[in-house]
Amino acid sequence: AVVSTQSTGISGVWNLSSDQGNLGTFYITNVRLVWHAEINESFNVSIPYIQMRAVKIRDSKFGTALVIESLRNAGGYVLGFRIDPVERLHDVMKEIQSLYRVYSANPIFGVQHKIEDKVELIEQLTINYEEDDIEITGEEAEGGDAFAAYYADANKASDGEPVFCVQLGLAIESIKEGYTLESLWEVTGI
């Protein structure tokens, strides 16, 4: 499905945002208005209908102009465009207003979806829980669970005294009674 289609391209449209105005091209689509400068296409304006507050014709220091106001939450911009002759300006405004009314009645948000005729019942979508048929076995270290002994000690006021471990070649916290260096490595699964 096509989301945005170009309806009209109009050259010779002046953007009145600067003191002398900028000549460019105006594109009117089913979802937005786009204007870009003739000399520099990166100087452009794109205004979706969903962000428009008003479209009207007003007098400006450049003569009669098409004025487009955006909603406050879309920046609250007031943009002016001059299109000659004035009859053409009125035709452009009528086209924009017509496309805006069509858009407002059936907005296009850029996401296409299809509503399914048949809705499945929740019972048909529910998957029954089945318990796994496995048994976890393992041997605990001689002194019990080493992980629990080190991390679940609520009465631990401080770390054990550091001692030099010849096997590792560095200082470690002294190992609690009933545990070995090997049993501590088994906790990590290494």
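Above this text is the structure in question.
Residues numbered from 1 in each chain as written. Predicted model: local features only at pLDDT ≥ 70, side-chain atom pairs only at ≥ 80, totals over all residues. Heavy atoms only, no water.

Peer 1: Please explain the pattern of salt bridges as it appears in this structure.
Peer 2: A side chain of one charge can pair with a side chain of the opposite charge when the charged atoms of the two come close. Going through the model one piece at a time under the given rule, you end up with 5 salt bridges. Here Asp-19 ties to Lys-61 by a salt bridge, and the two come within 3.7 Å at their closest N and O atoms. On the criterion of sequence distance, the pair formed by Asp-19 in the loop between β1 (6-15) and β2 (22-29) and Lys-61 in the loop between β5 (52-60) and β6 (63-70) is long-range, its members being 42 residues apart. Assigned by exposure class, Asp-19 and Lys-61 land together as exposed. (Salt bridge = Lys/Arg side-chain N within 4 Å of Asp/Glu carboxyl O. Helix = DSSP H or I, 4+ residues; strand = E, 2+ residues; numbered from the N terminus. Buried < 20%, exposed > 50% of the residue type's maximum accessible area, 1.4 Å probe, protein only.)

Peer 1: Looking at this structure, how should I read the packing of aromatic side chains?
Peer 2: One pass over the full model with this rule turns up 5 aromatic pairs. Taking the centre distance of 5.8 Å and the plane angle of 50° together, the rings of Tyr-49 and Tyr-103 count as tilted. With Tyr-49 in the loop between β4 (44-48) and β5 and Tyr-103 in helix α1 (residues 86-105), this pair connects stretches of sequence that are 54 residues apart. Cluster of aromatic residues (ring-pair linked, three or more members): Phe-26, Trp-35, Phe-43 and Phe-81. (Phe/Tyr/Trp six-rings, centres within 6.5 Å; stacked < 30°, edge-to-face > 60°.)

Peer 1: Would you mind going over unusual backbone geometry with me for this structure?
Peer 2: Excluding glycine, most residues fall at negative phi; most peptide bonds, likewise, are trans. With omega at -5°, the peptide bond leading from Asp-84 into Pro-85 counts as cis. Considering the arrangement of structural elements, one finds Pro-85 in the loop between β7 (78-83) and α1.

Peer 1: Looking at this structure, how should I read the pairing of β2?
Peer 2: By the criterion of burial, β2 is predominantly enclosed, with 6 of the 8 residues buried. In terms of strand pairing, β1 meets β2 through 8 bridges, oriented antiparallel. The partner of Ile-10 across the bridge, within β2, is Phe-26. Between β1 and β2, which pair antiparallel one after the other, the connecting turn spans 6 residues, and Gly-21 there sits at a positive phi close to 80°. Both β2 and strand β3 (residues 32-37) contribute to a ladder of 5 bridges, which runs antiparallel. Bridge pairing links Ile-28 to Leu-33 in β3. Adjacent in sequence and paired antiparallel, β2 and β3 are bridged by 2 residues. (Pairing = 2+ DSSP bridges.)

Scope: geometric values only; no functional claims are made or implied.
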